[in-house]
Amino acid sequence: MKRRQFMQTTLAGMAGMAVTPMAFASCAANKKENIVVPDLNLSFQEGIPPGDSLSEKLDFMESLGIVGFEPGGRGLAGRVNEIQDALKNRNIKVSAICAGFDGFILAEDPEVKANFDSSIRDIVAAAGELGSTGVIFVPAFNGQKPCLPHTIETREYLCEQLHELGEYAVKCGTTVILEPLNRRECFYVRLVSDAAAIARDSHSEGVKCMGDFWHMQEETSDYAAFMSAGTKYLQHVHIASRGRRSMPGEDGEKDDYRDGFRALKEMGYDKYVTFECGSQGDRRETVPAAVELLRAQWQEA
Ligand code: MG
């Protein structure tokens, strides 16, 4: 390239760079105006719908327009065919897999840690076959002892271990999802933002986090909690009534999810919100009422 031609090219390139910030700004504005409000993708754990068999439960779910199913992880490898067959020709997909492994990741006893490593990998592999968004886990419940101390070194160890597990999950086509609880249940991870920061520091696309409206009692704002994770890390949501962990709506005015839903809508969250709760009344009545309440609040949020 001749010098003159080079200068022209370079100047044109610099001119391009000069307009770039404005171009970005107008792009962002358009994006905001055109943001697509996501659907509320409701999902049930296996114990939520009434029914004597998986097929009856799925029929009930379909009648309510539920699009996700969250089985427990225990014995999942032996259930892959059963679940795939049951979901055939239905508009329901596996949303996430809830725990079901042995041991725990912060166990001090090497044998307990080894049990965790092998059992969660079996579940992650099955979750990948089922097209799940991920496998939910808690690093250590308060009652699980002996546990590594709550120190900086333990956090670094957790991130290293999660990196390996996350990379394995990516190979299986899924993720592992860190679930924060609250200080009475799991002192180690109490806030959605804590879980999101651990996911970030694990440096693996296969490590994500979630929020559970029931456990989110220590959050100062449901909206800020979900926003702190953003779509980069927020992979799943659980929901229950906010007094007794029953069907949403069974605790009356406490069951206001609109602040959190507003964040999910603004983020364009397109994954699932799964019922993880009991029921005070007959499920044939409480479940449809809860679904109706959540859809109304999603509209209002
Ligand atoms: Mg939960």
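Residues numbered from 1 in each chain as written. Predicted model: local features only at pLDDT ≥ 70, side-chain atom pairs only at ≥ 80, totals over all residues. Heavy atoms only, no water.

Colleague: Summarise the packing of helix 8 (residues 258-267) against helix 9 (residues 283-300); cite the residues concerned and give the values.
Modeller: The interhelical angle for the contact between helix 8 and helix 9, taken along N-to-C directions, is 60°, at an axis separation of 8 Å. Taken together, the axes of helix 8 and helix 9 lie oblique to each other. In this structure, helix 8 crosses over helix 9, and the sense of that crossing is right-handed. Within the contact between the two elements, helix 8 uses Arg258, Phe261, Leu264 and Lys265 and helix 9 uses Leu294, Gln297, Trp298, Gln299 and Glu300. Grouping the amino acids of the contact of helix 8 with helix 9 by side-chain chemistry returns four nonpolar, two polar and three charged. (Axes fitted to C-alpha atoms, helices over the stretch in contact; angles between N-to-C directions. Helix = DSSP H or I, 4+ residues; strand = E, 2+ residues; numbered from the N terminus. Parallel < 35°, antiparallel > 145°, perpendicular 65-115°, else oblique. Left-handed = near helix turned anticlockwise from the far one by under 90°. Contact = heavy atoms within 4.5 Å. Nonpolar A, V, L, I, M, F, W, Y, C, P; charged D, E, K, R; others polar.)

Colleague: Give me the coordination of the magnesium ion: which residues, what numbers.
Modeller: Summarising the metal site, the magnesium ion is bound by the protein donors Glu179 (OE), Asp212 (OD), His238 (ND1) and Glu276 (OE), whose distances to it range over 2.1 to 2.2 Å. Here the donor residues for the magnesium ion map to a single chain with the spacing E-x32-D-x25-H-x37-E. Remark: histidine 238 occurs in strand 8 (residues 234-239) and glutamate 179 occurs in the loop between strand 6 (176-178) and helix 6 (192-201); sequence separation between them is 59 residues. Judged by relative accessible area, which is 0%, histidine 238 ranks as buried. (Donors = N, O, S within 2.8 Å, 3.2 Å for Na, K, Ca; no water. Buried < 20%, exposed > 50% of the residue type's maximum accessible area, 1.4 Å probe, protein only.)

Colleague: I'd like a description of the side chain of histidine 215, backed by residues and values.
Modeller: The topology assignment puts histidine 215 in the loop between strand 7 (207-212) and helix 7 (222-233). By relative accessible area, histidine 215 is classed as buried at 4%. Among the polar contacts listed, one links the side chain of histidine 215 to the side chain of arginine 245, at a separation of 3.3 Å. Leaving out residues up to four positions away in the same chain, histidine 215 has contacts with Glu179, Pro180, Leu181, Asn182, Glu185 and Arg245. (Polar contact = N/O pair within 3.5 Å; in protein donor to acceptor, adjacent residues only side chain to side chain.)

Colleague: Report on helix 7, specifying residues and quantitative values.
Modeller: One turn of the α-helix equals 3.6 residues, which is why residues spaced by three or four share an orientation. Here helix 7 spans 16 Å end to end across 12 residues, near enough to the 16 Å set by a 1.5 Å rise per residue. Among the residues of helix 7, those classed as buried are Asp222, Ala225, Phe226, Ala229, Gly230 and Tyr233. Contacts from the buried residues of helix 7 go to helix 6, strand 7, strand 8 and helix 8. Measuring from the backbone nitrogen of tyrosine 223 back to the side-chain oxygen at the start of helix 7 gives 3.3 Å, which picks out serine 221 as the cap. (Expected span 1.5 Å × (residues − 1).)

Colleague: So what about the nonpolar core? Which residues, and what values?
Modeller: Among the nonpolar cores identified, the biggest contains 79 residues, and Phe44, Phe226, Phe261, Leu264 and Phe275 are the most heavily contacted of them. In terms of residue count, the dominant contributor to this core is helix 4 (residues 110-129) (six residues). Once residues within four sequence positions are removed from consideration, leucine 264 is found in contact with Pro38, Phe226, Leu234, Val237, Tyr269, Val273 and Trp298. (Core = buried A, V, L, I, M, F, W, Y, C linked by side-chain atoms within 4.5 Å.)

Colleague: Explain the side chain of threonine 174 residue by residue, including any values.
Modeller: Examined against the element boundaries, threonine 174 turns out to sit in the loop between helix 5 (152-171) and strand 6. Take threonine 174: its relative accessible area is 5%, and that puts it in the buried class. Of the polar contacts made by the side chain of threonine 174, one reaches the backbone oxygen of serine 132; its length is 2.9 Å. Of the polar contacts made by the side chain of threonine 174, one reaches the backbone nitrogen of glycine 134; its length is 3.4 Å. With near-sequence residues (within four places) excluded, threonine 174 lies in contact with Val124, Ala127, Gly128, Ser132, Thr133, Gly134, Ala169 and Gly206.

Colleague: Hey, could you go over the pairing of strand 7 for me, with residue numbers and the actual values?
Modeller: Counting buried positions along strand 7 yields six of six residues, so the element is predominantly enclosed. Side chains Val207, Cys209 and Gly211 of strand 7 all project onto a buried face; the interleaved residues Lys208, Met210 and Asp212 project onto the opposite face, where all are buried too. With helix 6 bridging strand 6 and the parallel strand 7, this β-α-β connection has right-handed handedness. In this sheet, strand 8 lies alongside strand 7 in parallel orientation, the contact comprising four bridges. (Right-handed = clockwise from strand over helix to strand, strands pointing away. Pairing = 2+ DSSP bridges.)

Colleague: Which residues make up helix 5, and what values do they have?
Modeller: Its 20 residues give helix 5 an end-to-end C-alpha distance of 29 Å, which sits within 8% of 28 Å, the value for a rise of 1.5 Å per residue. Listing the buried residues of helix 5 in full gives Thr154, Leu158, Cys159, Gln161, Leu162, Leu165, Gly166 and Ala169. Buried residues along helix 5 sit in contact with helix 4, strand 5 (135-137), strand 6, helix 6 and strand 7. In the segment just after helix 5, glycine 173 is the residue with positive phi, at about 80°.

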